[in-house]
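# Commentary on secondary and tertiary structure
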Amino acid sequence: MQPTDSEQKISSWALLWSFSPAERQALPRLLTKRDRVFLFLLVITLIVSLGYGIYSLADRYSVPVPAEGGTLREGIIGIPRFLNPLLASSDADRDVTALVYTGLLRNNGKGELVPSLADRYDISEDGLVYTFYLKDNIAWSDGTPLTSDDILFTVSLVKDPNYRSVLRPNWEGIITEKQDDKTVRFRLAKPYAPFLENLTMGILPKHIWRDVLANEFSLSEKNLRPVGAGPYQVAEFEQNPTGRIISYTLEPNPQYVPNPPYIKTLQLLFFTSAAELESAYQNKLTDTASIPGIASVSDENMPVLSLPLPRIFGVFFNQNSTKVLADDAIREALSYATDRERLLTSVLQNQGITASSPLPSQSAASVPFDMSTSSTMLADAGWEDANGDGIREKEIDKTVTPLSFTISTSDAPDLVATARLLQDMWREAGADVQISVFEIGDFEQDILRPRKYEAVLFGEVFGFDPDPFAFWHSSQRNDPGLNIALYTNPRADALLEQARTQTNRETRIGTYTEFETLVNEEHPAVFLYSPYYHYKTAANVYGYTITQIVNPSDRFGSVHEWYMKTKKQWVK
């Protein structure tokens, strides 16, 4: 039987491989046009099949993993002044500092303190000795090894009053000892419940800062070009013609442990107001936006994280500045004349909670809005509107004194809006309230630090384990202390000192409840609200694990895990 055409072709192709190279080279001239087309299609089919097989195999036995690359533009409200963990006092300062520096521990963005420079630590049974062991082969971004000498150096500067660190109150009475180059021991005179949070403080490199004198510390150029051991290092920064910093460009620190960040370039863009940042974000000039306390957070296209912060905003009275505010009846009456729910709705669009206590625990009873009670209190204390102008007066030391004072605050839109609403509310109660608004840098330097105000609208920032010592202990009345109400009460001091030593949480809560009651009885401030923090994330950035933070800068606690690019990796 004669073979079919197809059988003849298969037999012919089989014979092809028995030919010599010279014979195969001459073969195309012997093939018909139909044979050459068939050969071409066969080769293409083999190549496609091989490629698909490799792709299918790779897809089946590999997974996408983070890869290096990408640029992320982060929008931030505020202007950085002190890129130094010992001096950082604004959110803008803390944001950059958190990226360039790191501590023995860090907040991972999930409400947990985890090792950073430290490999591990031990705590003695009596809670008085903390021993930290540094990781192997850690170094500064310039390649210099990081040792326990850097830890001791940093703590010595914090404790020295000449360096005016805002962190100094948390380190009083703590002795730091070097065991070896990788081991540091902290000895406490008495138990201090929130001590572990101290160890999130960024560490300074001794070889960079050791020759800087105390009076040069805050003015040093090294605050603009920091060298740290954090996930990123400074590549460059840009200033406008007036010298104001408008951006920082950061690149991964190759020395960072456990691994340098995946995102290749992190550009921080600074804006003077929320409106300016919102405009930049909507016009896609930034990829993300950090907006603490701002209500305009709705965005259909970009995800928004809204997280509670342990912050309390209020009006703090300087009772030494005017006889009006020295009158307890006025301070208490103003609290009753404050419609906190209206502030929450109008200013924060319900993005927060009301506050009536010096602690974010909210254990104290809420102060109701009651204008009638406010008016009765003022009248009983002798404050009357005798001339019918709407402002109450009282004769003090034979001088008719109007119920008038000034609230000073920064130019943050939510604070300005709050001040104006308070002005209206308290005017209804018979108080003539003026408002002075300052740029945040000037506000901190010229108003807060020298205590040059009658009343100040501001916020207090607490830690994981709220410790109000720095805000209310009498030793913190002067700068760099944060007792901006200039509050003094020996019993309150004793309670604050006692609470720090109580490691049992329930016992400590009981002490703080007594402290709250004491403060609320003396009305050194009118507490208003605790706003949420809003972070507009980028849709093309992955690896976010932000669920619980204390400061907005805590969002960077795991920034080395964020990524924009991926690559395939074989499954083992």
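Residue numbers run consecutively from 1 along every chain, following the written order of its sequence. Only residues with pLDDT of at least 70 get local features here, since the model is predicted, and only at 80 or more are side-chain atom pairs given and counted; chain-wide, interface and lining totals rely on the full set of residues. Hydrogens and water are ignored here; the side-chain numbers use all heavy atoms of the structure.

## Thoughts on the packing of aromatic side chains
For Phe, Tyr and Trp, rings pair up if their centres lie within 6.5 Å, where Trp contributes its six-membered ring, and each pair is then called stacked (planes under 30 degrees apart), edge-to-face (over 60) or tilted (otherwise). Overall, the coordinates contain 25 aromatic pairs when judged by the stated rule. Ring geometry for Phe316 and Phe527: centres 6.3 Å apart, planes at 80°, overall edge-to-face. With a gap of 211 residues between them, Phe316 in strand 14 (residues 311-317) and Phe527 in strand 21 (residues 525-536) connect regions that are remote in the sequence. Each residue is placed in one exposure class: buried if its accessible area under a 1.4 Å probe, protein chains only, is under 20% of its type's maximum, exposed if it is over 50%, and partly exposed if it falls in between. The exposure class assigned to Phe316 is buried, which follows from its relative accessible area of 0%. Clustering of aromatic rings is evident, with ring pairs tying together Tyr121, Tyr130, Phe132, Trp171, Phe186, Tyr192 and Phe195. Each ring is checked for a lysine NZ or an arginine CZ that lies within 6 Å of its centre and within 35 degrees of its normal; such an atom marks a charge sitting over the ring. Here the guanidinium or amino end of Arg120 rests over the ring plane of Tyr133, the centre of that ring lying 3.9 Å away. Above the ring of Phe469, the side-chain terminus of Arg500 is found at 4.0 Å from the ring centroid. The way it works is that DSSP assigns letters per residue, a run of H or I at least four long becomes a helix, a run of E at least two long becomes a strand, and they are numbered from the N terminus.

## Thoughts on the packing of helix 15 (residues 490-501) against helix 16 (residues 505-522)
Angles here are taken between N-to-C directions and fall from 0 to 180 degrees, while the axes themselves are lines fitted to C-alpha atoms, restricted in helices to the stretch in contact. Helix 16 packs onto helix 15 with a crossing angle of 160° between their chain directions and a minimal axis gap of 9 Å. Taken together, helix 15 and helix 16 sit at an angle that is classed as roughly antiparallel. Read as a crossing pair, helix 15 and helix 16 show a hand that is left-handed. Residues Arg491, Ala492, Leu495, Leu496, Gln498 and Ala499 of helix 15 pack against Arg508, Thr511, Tyr512, Glu514, Phe515 and Leu518 of helix 16. Partitioning the contact of helix 15 with helix 16 into residue classes produces seven nonpolar, two polar and three charged. In what follows, roughly perpendicular refers to angles from 65 to 115 degrees, roughly parallel to angles under 35, roughly antiparallel to angles over 145, and oblique to any angle outside these ranges. A clockwise turn of the near helix away from the far one marks a right-handed crossing, whereas an anticlockwise turn of less than a right angle marks a left-handed crossing. We call two residues contacting when some pair of their heavy atoms lies within 4.5 Å. Under the scheme applied here, ten amino acids are nonpolar (Ala, Val, Leu, Ile, Met, Phe, Trp, Tyr, Cys and Pro), four are charged (Asp, Glu, Lys and Arg), and all others, including Gly, are polar.

## A closer look at a negative patch on the surface
A patch consists of residues exposed above 30% relative accessible area that lack any salt bridge, with like charges linked at up to 9 Å and nonpolar side chains (Val, Leu, Ile, Met, Phe, Trp, Tyr) linked at up to 5 Å. Areas reported here follow the Shrake-Rupley algorithm with a probe of radius 1.4 Å; residue values treat only the protein chains shown as occluding. The term salt bridge refers to a side-chain nitrogen of Lys or Arg lying within 4 Å of a carboxyl oxygen of Asp or Glu. Only four residue types enter the tally: Lys and Arg on the positive side, Asp and Glu on the negative side; His and the chain ends are excluded. In plain terms, the charge of a residue is placed at NZ if it is Lys, CZ if Arg, CG if Asp and CD if Glu. Together, Asp380, Glu384, Asp385 and Asp389 give the surface a local cluster of negative charge. In this structure, Asp380 sits in helix 11 (residues 371-380). Classification of Asp380 by relative accessible area gives exposed; the value is 65%.

## Points about the pairing of strand 10 (residues 245-252)
One ladder, built from seven bridges, connects strand 9 (residues 232-239) with strand 10; its direction is antiparallel. Bridging across to strand 10, Val234 finds its partner in Leu250. Two successive antiparallel strands, strand 9 and strand 10, enclose a turn made up of five residues, where Gly243 displays a positive phi of approximately 95°. Where strand 10 lies against strand 11 (residues 265-271), four bridges are found, and the strand directions are antiparallel. Paired with Leu250 across the bridge in strand 11 is Leu266. Each pair of strands is called paired provided DSSP finds at least two bridges between the two strands.

## Here we look at helix 12 (residues 413-428)
Taking 1.5 Å of rise per residue, the 16 residues of helix 12 would be expected to cover 22 Å, and the 23 Å separating its terminal C-alpha atoms lies within 8% of that figure. Positive backbone phi, approximately 105°, marks Gly430, located one or two places after helix 12. A helix is expected to span 1.5 Å multiplied by its residue count minus one.

## Here we look at the sheet that holds strand 8 (residues 183-188)
Taken together, the four strands give an open sheet; going across it, the order is 5-6-8-7, and neighbouring strands pair in antiparallel fashion. A strand with exactly one partner marks an edge of an open sheet, and here the two such strands are strand 5 (118-123) and strand 7 (174-180). Neighbour to neighbour, the strand axes of the sheet diverge by 20° on average, direction disregarded. Where strand 5 lies against strand 6 (residues 129-134), five bridges are found, and the strand directions are antiparallel. Residue pairing for strand 6: Arg120 is matched across the bridge by Tyr133. The strands touched by helix 5 (residues 148-159) are strand 6, strand 7 and strand 8; relative to strand 7, the strand with the most contacts, the crossing angle is about 165°.

## Side note on the pattern of salt bridges
Side-chain pairing between opposite charges can occur once the charged atoms of the two side chains come close. Inspection of every chain in the model, using the stated rule, returns 19 salt bridges. Taking the shortest distance from any N to any O, the salt bridge between Glu74 and Arg555 comes out at 3.0 Å. Of this pair, Glu74 sits in strand 2 (residues 71-77) while Arg555 sits in the loop between strand 21 and strand 22 (565-570); the two residues are 481 residues apart in sequence, bridging distant segments of the chain. This pair shows no difference in class: Glu74 is buried, exactly as Arg555 is. Put simply, Asp149 and Lys178 hold a salt bridge, and the shortest N to O gap is 3.1 Å.

## A closer look at unusual backbone geometry
Residue Pro258 is reached from Val257 by a cis peptide bond, and omega for that bond is 20°. Within the element layout of this structure, Pro258 appears in the loop between strand 10 and strand 11. Residues Asp479 and Pro480 are joined by a peptide bond in cis, for which omega reads 10°. Turning to its location among the elements, Pro480 is positioned in the loop between helix 14 (469-472) and helix 15. Although it is not a glycine, Asp397 adopts a positive phi angle of roughly 55°. Classification of Asp397 by relative accessible area gives exposed; the value is 57%. Residue His523 is not a glycine yet carries a positive backbone phi of 50°. Mapped onto the fold, His523 is located in the loop between helix 16 and strand 21. Relative accessible area serves as the criterion here: at 12%, His523 is assigned to the buried category.

## Things to note about the confidence of the model for the chain
The quantity known as pLDDT measures the predictor's confidence residue by residue, on a range of 0 to 100. Confidence in the prediction for the chain averages 88 pLDDT; 90% of positions are at 70 or higher. Mean pLDDT in the chain bottoms out at helix 1 (residues 5-16), which sits at 48, and peaks at strand 6, which reaches 98. Contacts from residues 5-13, a stretch scored under 50 in pLDDT, to residues over four places away or in other chains number six contacts.

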